[in-house]
Amino acid sequence: MTEGMRDVWVYLAREPLVHLTLTLAAFQLGSWIYRRGGMNPLLNPVLIAVALTVGGLVLTGTSYDAYFEGAQFVHFLLGPATVALAIPLYRQVEKVRRSALALGASIVAGALAASASAVGIAWSLGASRDALISVAPKSVTAPVAMGITESLGGLPSLTAVLVILTGIVGAMLGPWVLTLVGVRDWRARGLAIGTASHGIGTARALQVNEVAGAFAGLAMGLNALATALLLPLLARIFL
Amino acid sequence: MIFYLTLILSCQLAGEVIVKAVGLPLPGPVLGMVILFCGLMLRGLPAGLSRVGDALLGNLSLLFVPAGVGVMLHAGLLGREWLPLAVALVLSTLITVAVTGLVMARLSRGGADD
């Protein structure tokens, strides 16, 4: 690097602009690859963006703290976005009020199955306490899951990645499991995919069937609520 | 638009304050979501709020990127514990799909296509 270039770099490295731009550009590239790949769940844009950004930071020897100076402006919006999840929830509650009891029972059963089986399996294979807390809300939509992990003293960034991987697994294998256990009703199929694999599963359900998509979106919102209420109570008892 | 953004931030702020004050083991924004949801049930959904909400949620997945990048801080933990985490993640997701789907199919029998 020449003297002049180094001065420019030193100036830019202090500014949040570089890392904010890097975050948006990596996500743009991830979204482009995802669309070019026919929206295959394996090409999840967040996963690609995270991989590219981590790669860039490691190559330039940038610390996460320095990166976060810029990226915090994007991160901050998670809070208001979580609040705004009330809007799609409200729209769907009007649509499906009639099966409220069945919905509530299925989602609570799913929320309990998701957390209990994740923690139970990881614990039996010798995972640490940090890992157990971080994997517990893995089926919940990322902004809420990270909030839950943070309030329980886990690692929100680990949760973010586990949540995305859960979404990919559920979107890819969920329909196969449902066929295997003989669930053919579109409402039940959508609800199951949305409860287990949040927004990524919901996106997949919407591609297949509109009713399944609506129920998946509803399940995503209600499971976030159910897990946020239940998990802290269970954690007090078991952890 | 600013009005509805203020409304959303106020719900979040109220959620954060109540969670801290009462000591609820719940993320503040989740309580904010509940507050907004109750408001919607009582008063309906104004078109302006619908637009602001859609703008925020339209690019929701972008918002996880900064937090996801934080995984670089836990490379050690992932290196040590990738196996229990991977097994738990895959099996638990399949169990959750099956449990939720079966309960819903049993409870809502006689509906759409049975």
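All figures in this text were calculated on a predicted structure; none of them were measured in a lab.

Attention shifts here to the overall build of chain B. Looking only at helices and strands, chain B features five helices and zero strands. Of the regular secondary structure in chain B, the N- to C-terminal order runs α-α-α-α-α. The C-alpha atoms of chain B give 20 Å as radius of gyration, which overshoots the globular expectation for 114 residues (13 Å, by more than 25%). For chain B, the spread of C-alpha atoms along the three principal axes comes to 50 × 50 × 30 Å.

Below, the discussion takes up the interface of chain B and chain A. Contacts between the two partners involve 65 residues from chain B and, on the opposite side, 96 residues from chain A. Listing elements by their share of the side of chain B that touches chain A, those giving two or more residues are α1 (2–22), α2 (28–43), α3 (47–58), α4 (65–69) and α5 (75–107) of chain B. Residue contributions to the side of chain B that touches chain A peak at 25 residues, all from α5 of chain B. Here the residues of the side of chain B that touches chain A are counted per class, giving 47 nonpolar, 15 polar and three charged.

In this section: the domain arrangement of chain A. The accessible area lost on association of the parts is a frequent measure of interface size. Residue and element names in this part refer to chain A. As assigned here, chain A comprises domain 1 (3–76) and domain 2 (83–238). With centres defined by C-alpha atoms, the gap from domain 1 to domain 2 works out at 28 Å. Taken together, the contact pairs six residues of domain 1 with seven residues of domain 2. Considered class by class, the residues forming the side of domain 1 that touches domain 2 number five nonpolar, one polar and no charged.

What follows is about the UniProt feature "transmembrane region" (unreviewed entry) in chain B. Residue and element names in this part refer to chain B. In the numbering used here, UniProt assigns the "transmembrane region" (unreviewed entry) feature to residues 31–49, 56–76 and 82–105. Annotated as 84% helix and 0% strand, the span residues 31–49 places its first and last C-alpha atoms 18 Å apart. Between the end C-alpha atoms of residues 56–76 the distance is 34 Å, and the span holds 48% helix and 0% strand.

All right, on to the domain arrangement of chain B then. We note that the domain assignment places domain 1 (1–61) and domain 2 (77–108) within chain B. Here the C-alpha centre of domain 2 of chain B lies 30 Å away from the C-alpha centre of domain 1 of chain B.

Residues and elements named next belong to chain A. UniProt tags residues 16–34, 46–64, 70–90, 102–125, 160–181 and 212–235 as "transmembrane region" (unreviewed entry). The span residues 46–64 shows a helical share of 79% and a strand share of 0%, and its end C-alpha atoms are spaced 17 Å apart. End C-alpha to end C-alpha, residues 70–90 measures 34 Å, and it is 90% helix and 0% strand.

Residues and elements named next belong to chain A. Despite not being glycine, Met39 has its phi angle at roughly 55°, a positive value. Relative to the helices and strands, Met39 is located in the loop between α2 (16–36) and α3 (45–59). Although it is not a glycine, His198 adopts a positive phi angle of roughly 40°. One can find His198 in helix α11 (residues 186–208). Taking the number of C-beta atoms within 10 Å as the measure of exposure, His198 has 30 and is therefore buried.

To continue, consider the confidence of the model for chain A. The share of residues in chain A with pLDDT of 70 or more is 97%, and the mean pLDDT across the chain is 90. Of all helices and strands in chain A, the one with the weakest mean pLDDT is helix α1 (residues 3–14) of chain A (72), whereas helix α8 (residues 129–135) of chain A scores best (96).

On to the nonpolar core. One recurring pattern in soluble globular proteins is that nonpolar side chains are buried together. Grouped together as the largest cluster of nonpolar side chains are 111 residues, with contacts concentrated most on Ala86, Ala118, Ala122, Val135, Ile164 and Ala192 of chain A together with Val65 of chain B. Ranked by the residues each element gives to this core, the list is headed by helix α12 (residues 210–238) of chain A, at 14 residues. Contact partners of Ala86 of chain A, with chain neighbours within four places excluded, come to Met33, Leu36, Phe37 and Leu40 of chain B.

What follows concerns α3 of chain A. Compared with an ideal rise of 1.5 Å per residue, which puts 15 residues at 21 Å, α3 of chain A spans 21 Å between its outermost C-alpha atoms and is within 8% of the ideal. Along α3 of chain A, the positions that sit buried rather than exposed are Pro45, Val46, Leu47, Ile48, Ala49, Val50, Leu52 and Thr53 of chain A. On the buried face of α3 of chain A, the contacting elements are α2 and α10 (156–180) of chain A together with α4 of chain B.

Turning next to the environment of Ala113 of chain A. All names here are of chain A. Take Ala113: it is sitting in helix α7 (residues 100–124). The buried category is assigned to Ala113, around which 21 C-beta atoms lie within 10 Å. Between the C-alpha atom of Ala113 and that of Ala196, which follows or precedes it by 83 residues, the distance is 9.3 Å.

Along the polypeptide, Ser197 of chain A turns up in helix α11. In this structure, the C-alpha to C-alpha distance between Ser197 of chain A and Gly174 of chain A, residues 23 residues apart in sequence, is 8.6 Å.

The predicted coordinates should not be examined in detail at positions where pLDDT is low. For chain B, mean pLDDT is 90; residues scoring 70 or higher make up 96% of the total. Predicted as a complex, the structure gets a pTM of 0.84 and an ipTM equal to 0.88.

For any two helices packed against each other, one specifies the inter-axial angle together with the distance between the axes. Residue and element names in this part refer to chain A. For the pair α2 and α3, the least separation of the axes is 8 Å and the interaxial angle reads 135°. Between α2 and α3, the crossing angle belongs to the class labelled oblique. Seen along the crossing, α2 lies across α3 with a hand that is right-handed. Contacts between α2 and α3 involve Leu22, Thr23, Ala26, Phe27, Leu29, Gly30, Ser31, Ile33 and Tyr34 from the first element and Pro45, Val46, Ile48, Ala49, Leu52, Thr53 and Gly56 from the second. Of the residues that constitute the contact of α2 with α3, the class distribution is 11 nonpolar, five polar and no charged.

Criteria and cut-off values
- Residues numbered from 1 in each chain as written.
- Chains lettered and ligands numbered in written order.
- Predicted model: local features only at pLDDT ≥ 70, side-chain atom pairs only at ≥ 80, totals over all residues.
- Helix = DSSP H or I, 4+ residues; strand = E, 2+ residues; numbered from the N terminus.
- Rg over C-alpha atoms; globule rule 2.2 N^0.38 Å.
- Contact = placed C-beta atoms within 7 Å.
- Nonpolar A, V, L, I, M, F, W, Y, C, P; charged D, E, K, R; others polar.
- Domains from an automatic or database assignment.
- UniProt positions renumbered as here; feature names shortened; annotations may be inferred.
- Buried ≥ 20, exposed ≤ 12 C-beta atoms within 10 Å, placed from the backbone.
- pLDDT = per-residue confidence, 0-100.
- Core = buried A, V, L, I, M, F, W, Y, C linked by C-beta atoms within 7 Å.
- Expected span 1.5 Å × (residues − 1).
- Axes fitted to C-alpha atoms, helices over the stretch in contact; angles between N-to-C directions.
- Parallel < 35°, antiparallel > 145°, perpendicular 65-115°, else oblique.
- Left-handed = near helix turned anticlockwise from the far one by under 90°.

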